[in-house]
There are 2 protein chains.
Amino acid sequence: MSIDVAEELRRVGLRATVPRMKVLSFFLDEQQRHFTAEDVCRQVADEKLNISFGSIYRVLQQFVDAKILRSGTLHSTKIVYELNNGPEHDHAICMSCGKIEEFYDPVFDARQKEIGESVGFLVVGRQLVLQGYCVKCRATAPKPTDNAKG
Amino acid sequence: MSIDVAEELRRVGLRATVPRMKVLSFFLDEQQRHFTAEDVCRQVADEKLNISFGSIYRVLQQFVDAKILRSGTLHSTKIVYELNNGPEHDHAICMSCGKIEEFYDPVFDARQKEIGESVGFLVVGRQLVLQGYCVKCRATAPKPTDNAKG
DNA sequence: TTGTCTGCAAAAGCTTTGCATGAAT
DNA sequence: ATTCATGCAAAGCTTTTGCAGACAA
């Protein structure tokens, strides 16, 4: 795994340092896809290796610039990072357990262009997060009152 | 104007204090609709009256709780507040000048429910911001390269 | 009077940055 | 050897909170 990530790093013009390789390996290995800087720092540093918060933030931002990662905000104001592989998508987040589902809907793409035109905007992107309750949380605590907007 | 806001405040169970009346009056008077706490503090305090940041934040949050205001994040990570009047809507923001347009689209409402079902979520709300360029900025600096996601 | 609110200032939470040491090429 | 990256710690920025004095009812 080390060789792969080292080459990938050099490919995008970054030196193959330990923190960078650890962070990239972490994203490539995990089943989960969405992590905050704190998540990454905790997971990457636990193996007796100390990697500072400053480096984590710097590396994550460099990876976003290099299109290795994408960043955004989902739950709170914390920045969430995910691998920039696979197709464009939006997110649905469970307000009870935090579970995140990704989805892609062509209807949104089409409508956002039309809506932009109706208000005189050339739309080039969007930030869309659906808030709700996943199957499991609906079963255990079905409380579909109106918590959020919409 | 003072009488109105004082009564409105008491109606929602809040004492009619100077900071609260000033803040509410500010939102009611302005043509613009979207303000950060810093915006409000700057605008409300300039008239020789000193209102602290602490109070601004407390009052804004109380107004959100009382359904007088709505809050969310549009541009940055700063919280943006708007009057909770008129219908539900989403926002389009110009990435060049910051201009904000509000819109409502029933297609989104319908689709978000269907999408939720397809991933097993009961969707109760959403956070949607379209990013683009307004008419004016398209005219002066038409640079529709791919800055943002989508 | 009584309970609430304010201004001040300090703290909290997340992220960024300066700097000297240390590592990659 | 040179250039760049790291760890540490301090600062930045937005928002929250504790507290004593002040105000609304």
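Our subject is the structure listed above.
These remarks concern the structure in this document.

Procedures and definitions
Residues numbered from 1 in each chain as written. Chains lettered and ligands numbered in written order. Predicted model: local features only at pLDDT ≥ 70, side-chain atom pairs only at ≥ 80, totals over all residues. Heavy atoms only, no water. Helix = DSSP H or I, 4+ residues; strand = E, 2+ residues; numbered from the N terminus. Buried < 20%, exposed > 50% of the residue type's maximum accessible area, 1.4 Å probe, protein only. Areas by Shrake-Rupley, 256 points an atom, 1.4 Å probe, with all protein chains shown as cover. Lys, Arg positive; Asp, Glu negative; His and termini not counted. Charge placed at Lys NZ, Arg CZ, Asp CG, Glu CD. Near = heavy atom within 4 Å. Polar contact = N/O pair within 3.5 Å; in protein donor to acceptor, adjacent residues only side chain to side chain. Core = buried A, V, L, I, M, F, W, Y, C linked by side-chain atoms within 4.5 Å. Contact = heavy atoms within 4.5 Å. Pairing = 2+ DSSP bridges. Nonpolar A, V, L, I, M, F, W, Y, C, P; charged D, E, K, R; others polar. Least-squares fit on C-alpha atoms with pLDDT ≥ 70 in both. Buried area = accessible area lost by both parts, 1.4 Å probe. Salt bridge = Lys/Arg side-chain N within 4 Å of Asp/Glu carboxyl O. Expected span 1.5 Å × (residues − 1). Arc of directions from axis to C-beta.

## Here we look at the overall build of chain A
The helix and strand tally for chain A stands at six helices and six strands. If you list the helices and strands of chain A from N to C, you get α-α-β-α-α-β-β-β-β-α-β-α. Seen along its three principal axes, the alpha-carbon backbone of chain A occupies a region of about 45 × 45 × 25 Å. In chain A, buried positions account for 41% of the 150 residues. When the accessible area of chain A is evaluated, it comes to approximately 8400 Å², of which 52% is carbon and sulfur surface. Each charge sign in chain A was given a centre, from 20 positive and 20 negative side chains, and these centres are 4 Å apart.

## Thoughts on the protein's contact with DNA strand D
Residues in close proximity to DNA strand D total 18 residues, the closest being Asn-50 and Ser-55 of chain A together with Tyr-57, Lys-78 and Ile-79 of chain B. A share of 71% of the atoms of DNA strand D within 4 Å of the protein falls on sugar and phosphate groups. One nitrogen or oxygen atom from the side chain of Asn-50 of chain A is found 2.6 Å from a phosphate oxygen belonging to DNA strand D. Within the side chain of Ser-55 of chain A, a nitrogen or oxygen atom sits 2.7 Å from a phosphate oxygen of DNA strand D.

## Topic: the nonpolar core
Phe-103, Phe-121 and Leu-130 of chain A together with Phe-103, Phe-121 and Leu-130 of chain B are the most contacted members of the largest nonpolar core, which totals 24 residues. Breaking this core down by element, the ones donating at least two residues are β4 (90–94), α5 (106–118) and β6 (122–133) of chain A together with β4 (90–94), α5 (106–118) and β6 (122–133) of chain B. In this structure, Leu-130 of chain A is in contact with His-91, Ala-92, Ile-93 and Phe-103 of chain A together with Gln-112, Ile-115, Val-123, Gly-125 and Arg-126 of chain B, ignoring residues within four places of it in sequence.

## Here's the deal with the pairing of strand β3 (residues 79–83) of chain A
Residues and elements named next belong to chain A. Most of β3 is tucked away: four of the five residues are buried. When strand β1 (residues 35–36) meets β3, the two strands line up antiparallel, connected through two bridges. The residue of β3 that forms the bridge with Thr-36 is Val-80. As paired strands, strand β2 (residues 69–73) and β3 are joined by five bridges and run antiparallel to one another. Within the sheet, the bridge partner assigned to Arg-70 lies in β3 and is Glu-82. Turn length for the β2-β3 hairpin, with the two strands adjacent in sequence and antiparallel, is five residues.

## Notes on the protein's contact with DNA strand C
Around DNA strand C sit 18 residues in total, of which Tyr-57, Lys-78 and Ile-79 of chain A together with Asn-50 and Ser-55 of chain B are the nearest. In the environment of DNA strand C, a phosphate oxygen lies 3.2 Å from a nitrogen or oxygen atom belonging to the backbone of Ala-16 of chain A. Of all the elements in the fold, those that place two or more residues in the surface near DNA strand C are α4 (53–65) of chain A together with α2 (18–29) and α4 (53–65) of chain B. A per-class count over the surface near DNA strand C returns six nonpolar, five polar and seven charged.

## Looking at the relation of the copies chain B and chain A
The two copies are related by a screw operation: chain B maps onto chain A through 180° of rotation and 0.0 Å of translation along the axis, at an RMSD of 0.1 Å. With respect to symmetry, the two chain copies, as superposed, fit the operation of a two-fold axis. When C-alpha positions in chain B are compared against the rotation axis, the closest is assigned to Leu-128 of chain B, at 2.2 Å. When the interface residues of chain B are mapped onto chain A, 100% of them again lie at the interface, so the same face is used by both copies.

## Quick look at the interface of chain B and chain A
If you look at the interface, chain B gives 41 residues, while chain A gives 41 residues. Buried surface at the junction of chain B and chain A, summed over both partners, amounts to about 3800 Å²; 65% is from carbon and sulfur atoms. As a salt-bridge pair, Arg-111 of chain B and Asp-105 of chain A come within 2.8 Å of each other at their nearest N and O atoms. At the boundary of chain B and chain A, one finds 16 residue pairs in polar contact (both at pLDDT 80 or more). Broken down by secondary-structure element, the contributors of at least two residues to the side of chain B that touches chain A are β4, β5 (100–103), α5, β6 and α6 (135–140) of chain B. The element contributing the most residues to the side of chain B that touches chain A is β6 of chain B, with twelve residues.

## A closer look at α5 of chain A
An α-helix turns once per 3.6 residues; consequently, residues spaced three or four apart project the same way. Residues and elements named next belong to chain A. With 13 residues, α5 should cover 18 Å at 1.5 Å per step; its first-to-last C-alpha distance of 19 Å lies within 8% of that length. Three or more residues of α5 are buried, namely Phe-108, Gln-112, Ile-115 and Gly-116. Angularly, the buried residues of α5 cover 100° about the axis, an arc narrow enough to put them on a single face. Turned more than 90 degrees away from the buried face of α5 sit Lys-113, Glu-117 and Ser-118, all of them exposed.

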